[in-house]
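# A closer look at the structure
In case you want the letters, here they are:
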Amino acid sequence: MKKLIFPLLLLALSFFCSAQQQQYCRVKIYTGPGGLQTLIHKGVAIDHGYNDNNKTFITEISLKESAILKSSGLKYDVLINDMAAYYVAGNAKAVFDDGSQVVQVDCGTYPKPKNFSSGSMGGYYTYSELLAILDSMTKKFPKLISAKKIVSANYTTTEGRPLYYVKISDNPAKTENEPKILYTALHHAREPESMAQLIYSMWYLLENYKKDTTVRNIVDSTEMYFIPCVNPDGYVYNETTNPNGGGYWRKNRRNNNDGSYGVDLNRNYGYEWGYDDMGSSPYTSSDTYRGPSAFSEPETKMIKEFCDNIKFTYALNNHSYGNYLIYPYGYGTKTYTPDSILYKQQANRLVQCNEFTKGTTIQTVGYTANGGSDDWMYGEQTEKSKIIAYTAETGTAYDGFWPKKSKIIPLAAANLDMNLNLALLTKQSVYARSKIASSTNAMQPTIAAGTLYNSPNPCNNFTRVYFNLPQQLQMANAMLIISNAGGQPVLSQKVAGESNAFVNTTAFTAGIYYYFIKAGSYQSETKKLIVVK
Ligand SMILES: [Zn+2]
């Protein structure tokens, strides 16, 4: 999806997210380089939204969060005052199915799965409709998909629901010695497109097995597990409050016994849980409340148990929105992993069709958060092997949490290529692992000329420096060093393991600067940076 230039729906509103508790509004915040951090620090959940180069951020926030924004002093525009009303009104005119047999996306044309149909909640499936769809998949394609099964016999959610999974593979009832991938959706209850696009891809796999050799290859030689709703309690809660869609509940439904409800399941995983309060809140009423302890919640306990028992090579945890493909680490400032080169290469391939922005959370959304699914799936390597885990954020800032029903199929179709490509990587995973291990020494310890640059240049208060560090230098103490025209260093910052670095030039006086990357005895070419004030 290309970045959309959207008609500005700026309303000259004198009120701001007023009225009832559950009201959410869409805002454009003039964050500048530090504004997001300020808001995150104050507990505003802004992990879904569109970050325009740390200049502005478009997101949807609650009444409580809007009060925080107001008091922060940051400038903002209210784009839509009442999201739920906006979705219901927009959906009244929207059409789910245009009747065509194929869907055109940026990288090709795909047959539309015949069985993919609209749900009754603003076009999205209710929880019981979802379960019925899983049953109907099994009934129609019993040789390709298992019956739905419970993820864990040891836990149920707070409201007593199990989590369900299905497996798509040849011989789906058996466990075979094939590489395994896990697809999840709806850690966050208000992100129904994340589940809809998964159901779309599942129907596509099932319907095209006989006609398409790529699909047959994937299904025959991998085991694809799907948990389409990680947070059924939260999802059912949204059904109850907003039966036509537009419900904004995000967390699970734990009673925090202080009048507040819910833990953010995507902050409750046990790898560097509670590392800091950035993007992960210790306060029960926050939308990013991380829970009283790591894995305190039955839902994350079930996912943990599942991952410990089934040896997944890959995982794709689906969220919406922002058009991002995100990989670990998400916590702290340690934004890289020893597999950052692998992640980057794979992500390039995965987003070739949907054109998502790729990188770690700090490189994409622009901030850090701990206790996320991917950090644990990848980072925990004692009780299980590492899982190459990704998070996909489907939909633009203008689609928001509840894209209109006319957008359900286009958004789902755009993700098909990514979902299939990750399964193809899973199929090749044994090969890929050995290839990566042996390729380490083959890489030259140089930064190729032309791969070091910064943007914007000239810059005013900030710029971003981009580079390609060879794998050997990823773990070294690589530093970005900036000097003034007289040759005196004015800034040095750690960049090991990253592919770009945010540089705050607020304190720089106007003029010409030079920068390069140094790691041990290695030094890159030197580039010019111009600061204007
Ligand atoms: Zn989410």
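Here goes a summary of the coordinates provided.

Quick notes on the rules
- Residues numbered from 1 in each chain as written.
- Predicted model: local features only at pLDDT ≥ 70, side-chain atom pairs only at ≥ 80, totals over all residues.
- Axes fitted to C-alpha atoms, helices over the stretch in contact; angles between N-to-C directions.
- Helix = DSSP H or I, 4+ residues; strand = E, 2+ residues; numbered from the N terminus.
- Parallel < 35°, antiparallel > 145°, perpendicular 65-115°, else oblique.
- Contact = placed C-beta atoms within 7 Å.
- Pairing = 2+ DSSP bridges.
- Buried ≥ 20, exposed ≤ 12 C-beta atoms within 10 Å, placed from the backbone.

The next subject is the packing of helix 9 (residues 340–350) against helix 12 (residues 405–427). Where helix 9 meets helix 12, the axes come as close as 9 Å, and the angle between the chain directions of the two elements is 135°. Taken as axis vectors, helix 9 and helix 12 run oblique relative to one another. Residues Gln346, Arg349 and Leu350 of helix 9 lie in contact with helix 12, whose contacting residues are Met418, Asn421, Leu422 and Leu425.

Time to look at the sheet that holds strand 2 (residues 50–52). Spatial strand order, 2-3-1-4: 4 strands in an open sheet with antiparallel pairing. The outermost strands of the open sheet, each flanked by one partner alone, are strand 2 and strand 4 (75–80). Taking each pair of neighbouring strands and ignoring which way they run, the sheet shows an average axis angle of 30°. Note that strand 1 (residues 24–30) and strand 4 share 5 bridges and pair antiparallel. The residue of strand 4 that forms the bridge with valine 27 is valine 78. Sheet strands touched by helix 2 (residues 63–72): strand 1, strand 3 (56–62) and strand 4. Its angle to strand 3, the strand with the most contacts, is close to 135°.

The buried fraction of strand 8 (residues 164–168) is high, at 4 of 5 residues. Of the strand pairs in this sheet, strand 7 (residues 149–150) and strand 8 are connected by 2 bridges, and their pairing is antiparallel. Paired with isoleucine 150 across the strands is tyrosine 164, a residue of strand 8. Direction of pairing for strand 8 relative to strand 10 (residues 223–227): antiparallel, over a ladder of 3 bridges. What sits directly across from isoleucine 168, in strand 10, is methionine 224.

Keep in mind these numbers describe shape, not what the thing actually does.
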